Amino acid sequence: MTRPLIISDCDEVLLHMVAPFKKWLEASQGVDFNLEGHNFAEALRWKAAGEVLQAMDTWKMLGRFFDTEMDTQEPIEGAVEAINALSELADIVVLTNLVDERREKRAEQLAKVGILAPVYTNQGPKGPALKAILDEHGADRRAVFIDDLAQHHVSVKETVPNVVRLHMCGEPMIAEGITCAHKEGNADARIDRWADALPWLVARLEKEPA
């Protein structure tokens, strides 16, 4: 029997991103960081002037962080152990919204913390990218999608509605402020701790297909 497929996001699902980004900005870039939900447009302000960074400067900061600070990203509690346990039941791939030239660096970053999985990069909504992954790995495979952003669950639901969708945000700094895809009807569950998500996922992977 073909093994199921788990397609997981990285930042705030497998690795912390906002917390080390904030620390780096405030310690070395002259920028205060105060994020409510995922509203990056208002989150970054120059310390000296108190003004919000222009969008171009915010994207530059994000790019510089991923170019120089990825080693500061620590695993979400329980993520490494859970993913490795799930790999006994399913094939694991990572779908991350980074520019393509950072794919290998992300794979190396995950390998260093003990997560060995193919990495796919994407820009924008994840539904089409996830469909392409399924087409590559077998469109008829049972699949589970894990992501911290509600808009990606909407995209996946619209593109490949048969995929099981778990909304997870493992970063306490932002978890309460983000839109809940489960409450909006676009995810099958919202679970923010891997200790709770693992049994939920195992139950779905072991369930006999209809």
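This is a predicted model, so every value here is computed, not measured. Residue indices begin from 1 for each chain and proceed along its sequence in written order. Per-residue local features are limited, in this predicted model, to residues with pLDDT of at least 70; the limit for side-chain atom pairs, both in listing and counting, is 80 or more; totals at the level of whole chains, interfaces and linings are taken over all residues. As a rule here, side-chain values come from all non-hydrogen atoms in the structure, and water together with hydrogens is ignored.

Caption draft 1: Structural context of the overall build of the protein. Each helix is a run of H or I in the DSSP string that is no shorter than four residues. Each strand is a run of E no shorter than two, and both are numbered from the N terminus. Within the protein, the secondary structure is distributed over nine helices and eight strands. Compactness check: the protein gives a C-alpha radius of gyration of 17 Å against a globular reference of 17 Å for 210 residues, within 12% of the reference. When the backbone C-alpha atoms are referred to their principal axes, the protein occupies close to 60 × 35 × 30 Å. Any residue under 20% of the maximum accessible area for its type is buried, any over 50% is exposed, and the rest in between are partly exposed; the area is computed with a 1.4 Å probe on protein chains only. Across the 210 residues of the protein, 49% fall into the buried class. A radius of gyration in this sense is built from C-alpha atoms; the matching globule rule multiplies 2.2 Å by the number of residues raised to 0.38.

Caption draft 2: Spatial organisation of the side chain of Ser-8. For Ser-8, the position within the fold is in strand 1 (residues 5-8). The contact partners of Ser-8, leaving out residues within four places of it in the chain, are Val-13, Leu-14, Val-93, Val-94, Leu-95 and Ile-146. Contacts: residue pairs with any heavy atoms within 4.5 Å of one another.

Caption draft 3: How the structure looks around the state of the cysteines. When the sulfur atoms of two cysteines come within 2.5 Å, that pair is taken as a disulfide. All chains considered together, the criterion is met by zero disulfides. No disulfide involves Cys-169; its nearest neighbouring cysteine sulfur is the one of Cys-180, lying 11 Å away.

Caption draft 4: A look at the pairing of strand 1. Along strand 1, one buried face is formed by Leu-5 and Ile-7 and the opposite face, lined by Ile-6 and Ser-8, is buried too. Note on pairing: two strands pair once DSSP finds at least 2 bridges between them. Judged from the four bridges that link them, strand 1 and strand 6 (residues 143-147) form a sheet pairing that is parallel. Across the sheet, the residue bridging to Ile-6 is Val-144, located in strand 6.

Caption draft 5: Region of interest: the environment of Val-52. Relative to the helices and strands, Val-52 resides in the loop between strand 3 (44-46) and helix 3 (55-68). Residue Val-52 is classed as partly exposed on the basis of its relative accessible area of 24%. Expressed as a C-alpha distance, the spacing of Val-52 and Glu-42, which sit ten residues apart in the sequence, is 6.2 Å. Each residue touching Val-52, except ones within four places of it in the same chain, is listed here: Ala-41, Glu-42, Leu-44 and Arg-45.

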